[in-house]
Amino acid sequence: MDFLKLVELRQSDRKFIDKDIEEEKLARCLETARLAPSASNSQPWTFIVINDKNLKDEVAYSTYGPLKSFNKFVPQSNIIIAIVQEKKKILTEIGGRIKDKDYALMDIGIAAEHICLAAAEEGIGSCMLGWFDEKKVKQLLKVPENKNIPLLIALGYTPDDYKHRKKTRKQTTKVIKYNSY
Ligand SMILES: Cc1cc2nc3c(=O)[nH]c(=O)nc-3n(C[C@H](O)[C@H](O)[C@H](O)COP(=O)(O)O)c2cc1C
């Protein structure tokens, strides 16, 4: 698929049907995450695939927000991927401190988008989830206390009549500049 088309196609999907994601399709999505670039090739991540229904539902409930409908769609997802932030290479850690940049979070964001784009190409819907009870999710997934889970990704098939939205984005001239701010 044309890459720009794929980028336009990917959207945050918030309605899923009860249909399993095929193993080989999921494997291809995960492979795009494994191959993602990272600062100093640190690969500061572990991707936990939550495909046990009860566990997935528990994790899904942990994403509910204070607003009435926020993240209430998440239990409909077929699979949730939790991205655990791992230690960076020592050089990346030092470089990040000197430059005041969190390279690991950038790396994880890139890997997450790889997964979502790959899912879109496979015809699978996705939604990144930054709002969840991290402590609870760590307990549920037996992640050591000293590690963080910056992001979850909900995956699933959307209904046939699910709408593809036009992107709401800032204007090109507002966000893209040439040669000076
Ligand atoms: C880091 C991050 C965290 C997000 N967290 C949530 C979330 O908790 N719940 C949700 O419904 N959408 C979440 N989103 C989706 C955004 O709301 C969405 O990407 C944005 O509105 C643009 O819409 P689009 O993805 O459909 O193009 C998150 C997106 C990102 C990148």
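Right above here is the structure, for reference.
As the structure is a prediction and not an experimental result, all values here were calculated from the model.

1. A word on the packing of helix α3 (residues 53-61) against helix α6 (residues 134-141)
Line of reasoning, step 1. Taken N-terminus to C-terminus, the directions of α3 and α6 make an angle of 165 degrees; their axes are 9 Å apart at the nearest point. The pairing of α3 with α6 is recorded here as roughly antiparallel in orientation. Of the two elements, α3 crosses α6, and the hand of that crossing is right-handed. Only K136, V137, L140 and L141 of α6 make contact with α3, whose side of the interface consists of L55, E58 and V59.
Line of reasoning, step 2. The residue inventory of the contact of α3 with α6, partitioned by class, reads 5 nonpolar, no polar and 2 charged.

2. Examining the pattern of salt bridges
Line of reasoning, step 1. Evaluation of the coordinates by the stated rule reveals 9 salt bridges.
Line of reasoning, step 2. Residue K147 is joined to E86 by a salt bridge in which the shortest nitrogen-to-oxygen separation is 2.6 Å. Of this pair, K147 sits in the loop between α6 and β4 (148-156) while E86 is found in the loop between β2 (79-85) and α4 (90-99), placing the two residues 61 residues apart along the sequence.
Line of reasoning, step 3. If you follow the salt bridges from partner to partner, you end up with K53, K56 and D57 in one network.

3. A look at the nonpolar core
Line of reasoning, step 1. Core analysis: the largest hydrophobic core is formed by 22 residues, its most contacted members being F47, I81, I83, I153 and L155.
Line of reasoning, step 2. Judged by nonpolar contacts, the second largest core, of 19 residues, contains A60, V74, L141 and V143.

4. Examining α6
Line of reasoning, step 1. Where α6 is concerned, the buried positions are V137, K138, L140 and L141. Taken down its axis, α6 places every buried residue within 165 degrees of arc, on the same side. Of the exposed residues in α6, those oriented more than 90 degrees away from the buried face are K135 and Q139.
Line of reasoning, step 2. Against the buried residues of α6 lie β1 (45-50), α3, β2 and β4.
Line of reasoning, step 3. Once α6 ends, the next one or two residues include K142, with phi positive near 55 degrees.

Calculation notes
- Numbering of residues starts from 1 in every chain and runs along the sequence as written.
- With the structure being a predicted model, the display of local features is reserved for residues of pLDDT at least 70 and the display and counting of side-chain atom pairs for 80 or more, all residues being used for whole-chain, interface and lining totals.
- As a rule here, side-chain values cover all heavy atoms of the structure and leave hydrogens and water aside.
- The convention used is that axes are lines fitted to C-alpha atoms, helices contributing only their stretch in contact, and that angles between N-to-C directions extend from 0 to 180 degrees.
- Secondary structure is summarised from DSSP: a helix means a run of H or I of at least four residues, a strand means a run of E of at least two, and numbering begins at the N terminus for each.
- When describing relative orientation, an angle under 35 degrees is termed roughly parallel and one over 145 degrees roughly antiparallel, while 65 to 115 degrees is termed roughly perpendicular and anything else oblique.
- Crossing handedness: left-handed means the near helix sits turned counterclockwise from the far one by under a right angle, and right-handed means the same turn made clockwise.
- Whether two residues are in contact is decided by their heavy atoms, any of which lying within 4.5 Å being enough.
- Lys, Arg, Asp and Glu make up the charged group, whereas Ala, Val, Leu, Ile, Met, Phe, Trp, Tyr, Cys and Pro make up the nonpolar group; the residues left over, Gly among them, are polar.
- Should a side-chain nitrogen of Lys or Arg be within 4 Å of a carboxyl oxygen of Asp or Glu, the pair is scored as a salt bridge.
- In this text, buried Ala, Val, Leu, Ile, Met, Phe, Trp, Tyr and Cys residues form a nonpolar core when linked through side-chain atoms within 4.5 Å.
- Think of it in three bands: with a 1.4 Å probe and only protein chains considered, a residue is buried below 20% of the maximum accessible area for its type, exposed above 50%, and partly exposed in between.
- Along the arc lie the directions from the helix axis toward the C-beta atoms.

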